[in-house]
Amino acid sequence: MFKSAYLQRVYAEVSQRYKDQPEFLQAVEEFFDAMDVLVEKEPNIEKYSIMERIVEPERIIRFRVVWTDDSGKIQVNRAMRVQFNSAIGPYKGGIRFAPNVNESICKFLGFEQTFKNSLTGLPMGGAKGGADFDPTGKSDQEIMTFCQSFMSELYAHVGPNYDVPAGDFGVGAREIGYMFGFYKKIVNQWNGVFTSKGIASGGSLGRSEATGYGVCYFAQEMLRAYRNDTFQGKRVIISGAGKVGWMAAQKATELGAKVVAMSDIKGVIHDENGIDLGLILRLQKQSPAVMDQYRQTHPEAIFNPDPKSIWTIPCDIAMPCATQNEIYLPSAEALVKNGCWMVVEGANMPTTLDATRYFVDKGILFAPGKAANAGGVAVSGLEMSQNAMHLNWTFEEVDAKLKQIMAGIFKKADEASMKYTGTHNLVIGANIAGFMKVYQAMLEQGTL
Ligand code: 2IT
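In this report, the structure presented in the accompanying data block is examined. Predicted model, so just to flag it, every value in this text is computed and none were measured.

Basis of the calculations
Residues numbered from 1 in each chain as written. Predicted model: local features only at pLDDT ≥ 70, side-chain atom pairs only at ≥ 80, totals over all residues. Heavy atoms only, no water. Buried < 20%, exposed > 50% of the residue type's maximum accessible area, 1.4 Å probe, protein only. Helix = DSSP H or I, 4+ residues; strand = E, 2+ residues; numbered from the N terminus. Arc of directions from axis to C-beta. Pairing = 2+ DSSP bridges. Axes fitted to C-alpha atoms, helices over the stretch in contact; angles between N-to-C directions. Contact = heavy atoms within 4.5 Å. Near = heavy atom within 4 Å. Polar contact = N/O pair within 3.5 Å; in protein donor to acceptor, adjacent residues only side chain to side chain. Areas by Shrake-Rupley, 256 points an atom, 1.4 Å probe, with all protein chains shown as cover. Nonpolar A, V, L, I, M, F, W, Y, C, P; charged D, E, K, R; others polar. Phe/Tyr/Trp six-rings, centres within 6.5 Å; stacked < 30°, edge-to-face > 60°. Lys NZ or Arg CZ within 6 Å of the ring centre and 35° of its normal. 1 Å grid on protein atoms, 1.4 Å probe; cavity = no way out; pocket = protein on both sides within 12 Å on 5 of 7 lines; lining within 4 Å. Points joined across faces, edges and corners; volume = space filled by probe spheres on them. Expected span 1.5 Å × (residues − 1).

1. Looking at helix H11 (residues 329–337)
- Residues of H11 that are buried: Ser 331, Ala 332, Ala 334 and Leu 335. Looking straight down H11, one finds that the buried residues subtend no more than 160 degrees of arc, so they occupy a single side. Looking at H11, the residues exposed on the side facing more than 90 degrees away from the buried face are Pro 330 and Lys 337.
- Positive phi shows up at Gly 339, right after H11, with a value of about 100 degrees.

This is how it looks when you write it as structure tokens:
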């Protein structure tokens, strides 16, 4: 627990009030862990009740989504948007469509997003939203009908200078296109209310690559600064083969690493020749989860239907890019036992708190998601700039800015850690560096 009596008191209150929100409390606990070294040096945090304020979302919008499926049956889903913090810019963060979406998950994501967005250096507040709608197996028509009904409510609560959503799990360019189109029709204005749009609809080149590439750019900075090293010849394992994991695998391979294992909900593929990324992409055209089909083309590869088994494969670098809480303590122990010395989080909060503490205690180079996966929202910020200026940058321009932003995040997080702990603890450093700007803005703006 925390040394600070102030943090202990606020955490006790929050955990009592939101005892049914485990993911949210986990995100707050990780954040307070990092705040422990800061609160006594910054008495204004307690004086101005910053922690009490920062853990409460500024606003939560909840609504019902009614839509008709292809068989004519009327369906009902629950949706929400958590507008967490707007101290440093308009609310910004993705929308998730998945059956397990609830207030705890939207709040944990919105809370993390606040500090992640701050770390990018761009003026974006934190938000997250979603619906307990499962897009798997739905027809194009059903997806469109759902998205339009969803937007018939959400349109009133978003805008290019108010709240700018993007994608997340279950929400890609297709869903964004339908939501953006419906918004545009209702408000009768073309503006940058969504990011991760298709290129023809005003999306930014490089946005679809940004999160995965950013994870590798961040890892490159760690390798350079802490080991005078590169990706060349490293064994990498990546959980998830979606938007983040696939792009991270491609960039890591381009930088000289060998990606020996990847996973999705069907299972794990271990291929000592290096994963055939082109094959995965081709298989994904038919269905989203494909690992069970990989051996039809590469019979020498090994398939294991348990997604968690990926963490037992020997590697140098592990990149969890699938979902929250995918590395529990036993998986962390297996990774370290088998020689893993670096963990870079591509997903949001993929490592549980005790597993994170274990990695840090063992001296593993560990990059928290709010720093390492910030490349996605960073390029979303660049998409907002391009839309506001009514112009488009080239892929090379965007990619160069992304590299610069990821290097900047690494520097800020490492420097904050050195300043407050005298060590290279990127979990503490990223939380403090992300917090400082939000905190400063909250002080400047008075008690709201
Ligand atoms: O978790 C994330 O940073 C995202 N889903 C992307 C958010 C965004 O606004 O691009």
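2. A look at the sheet that holds strand E11 (residues 342–344)
- Spatially, the seven strands line up as an open sheet ordered E9-E8-E7-E6-E10-E11-E12, and their pairing is mixed. The sheet is open, and its two edges are formed by strand E9 (302–304) and strand E12 (365–367), each paired on a single side. In this sheet, neighbouring strand axes are inclined to one another by 15 degrees on average, regardless of whether the strands run parallel or antiparallel.
- Note that E11 and E12 share three bridges and pair parallel.

3. A word on the sheet that holds strand E5 (residues 163–166)
- The mixed open sheet is built from five strands, whose spatial order is E1-E2-E4-E3-E5. Only two strands of the sheet have a single neighbouring strand rather than two, namely strand E1 (59–68) and E5. Going from strand to strand, the sheet's axes swing by 20 degrees on average, the running direction of each strand aside.
- As paired strands, E1 and strand E2 (residues 74–85) are joined by ten bridges and run antiparallel to one another. Along E2, the bridge assignment pairs Trp 67 with Gln 75.
- Contacts from helix H6 (residues 140–154) reach E1, E2, strand E3 (91–97) and strand E4 (126–131), with the element oriented near 140 degrees to E1.

4. Here's the deal with the site of the ligand
- Lining the immediate surroundings of the ligand are 13 residues, of which Lys 92, Lys 116, Asp 168, Arg 207 and Ser 380 lie closest.
- A distance of 3.1 Å is found between a nitrogen atom of the ligand and a backbone nitrogen or oxygen belonging to Gly 167.
- Side-chain polar atom of Arg 207 to an oxygen atom of the ligand: 2.9 Å apart, as the coordinates give it.
- With the chains in place, 93% of the 300 Å² that the ligand exposes on its own is no longer accessible.
- For the shell around the ligand, the elements supplying multiple residues, two or more each, are E3, helix H5 (103–119) and helix H14 (375–389).
- No other element matches E3, which puts three residues into the shell around the ligand.
- Split into classes, the residues belonging to the shell around the ligand amount to two nonpolar, six polar and five charged.

5. Quick word on the packing of aromatic side chains
- Per the stated rule, a full pass over the model turns up 28 aromatic pairs.
- Here the aromatic rings of Phe 2 and Tyr 11 are separated by 5.5 Å at their centres, their planes lie at 75 degrees, and the arrangement is edge-to-face.
- Note on Phe 2: relative accessible area 2%, which makes it buried.
- An angle of 90 degrees between the planes, with centres 5.1 Å apart, marks the rings of Phe 97 and Phe 146 as edge-to-face. In this pair, Phe 97 is assigned in strand E3 and Phe 146 in helix H6, connecting sequence segments 49 residues apart. Take Phe 97 and Phe 146: they sit in the same class, and that class is buried.
- Cluster of aromatic residues (ring-pair linked, three or more members): Phe 2, Tyr 11, Tyr 18, Phe 24, Phe 31, Phe 32, Phe 84, Phe 111, Phe 115, Phe 435 and Tyr 439.
- Between Arg 96 and the ring centre of Phe 169, over which it is positioned, the NZ or CZ distance is 4.3 Å.

6. A few points about empty space enclosed by the protein
- For the structure shown, the criterion picks out one cavity of 30 Å³ or more.
- Estimates place the volume of the largest cavity at around 30 Å³.
- Lining the largest cavity we find Gly 206, Glu 209, Ala 210, Tyr 213, Phe 395, Val 398, Asp 399 and Leu 402.
- Breaking the lining of the largest cavity down by element, the ones donating at least two residues are helix H8 (207–227) and helix H15 (395–421).
- In terms of residue count, H15 provides more of the lining of the largest cavity than any other element does, four residues in total.
- Tallied by class, residues from the lining of the largest cavity come to five nonpolar, one polar and two charged.

7. Examining the layout of surface pockets
- Of the pockets and cavities examined, the second largest pocket occupies roughly 300 Å³.
- As for the second largest pocket, its lining consists of 16 residues, and the residues nearest its centre are Asp 33, Ala 34, Arg 357, Asn 425 and Ile 428.
- Counting only elements with at least two residues in the lining of the second largest pocket, the list comes to helix H2 (22–39), helix H12 (353–361) and helix H16 (426–444).
- Class assignment for the residues of the lining of the second largest pocket results in eight nonpolar, two polar and six charged.

8. Things to note about helix H1 (residues 5–17)
- The terminal C-alpha atoms of H1 lie 18 Å apart, and with 13 residues this matches the ideal 18 Å at 1.5 Å per residue to within 8%.
- Looking only at H1, the buried set comprises Tyr 6, Leu 7, Val 10, Tyr 11 and Val 14. Looking straight down H1, one finds its buried side chains confined to an arc of 120 degrees; they lie on one side.
- Considering only its buried residues, H1 is in contact with H2, helix H3 (44–47) and helix H4 (50–54).
- Sitting at the amino-terminal end of H1 is Ser 4, which places a side-chain oxygen 3.2 Å from the backbone nitrogen of Tyr 6.

Any functional reading would require information that these geometric values do not contain.
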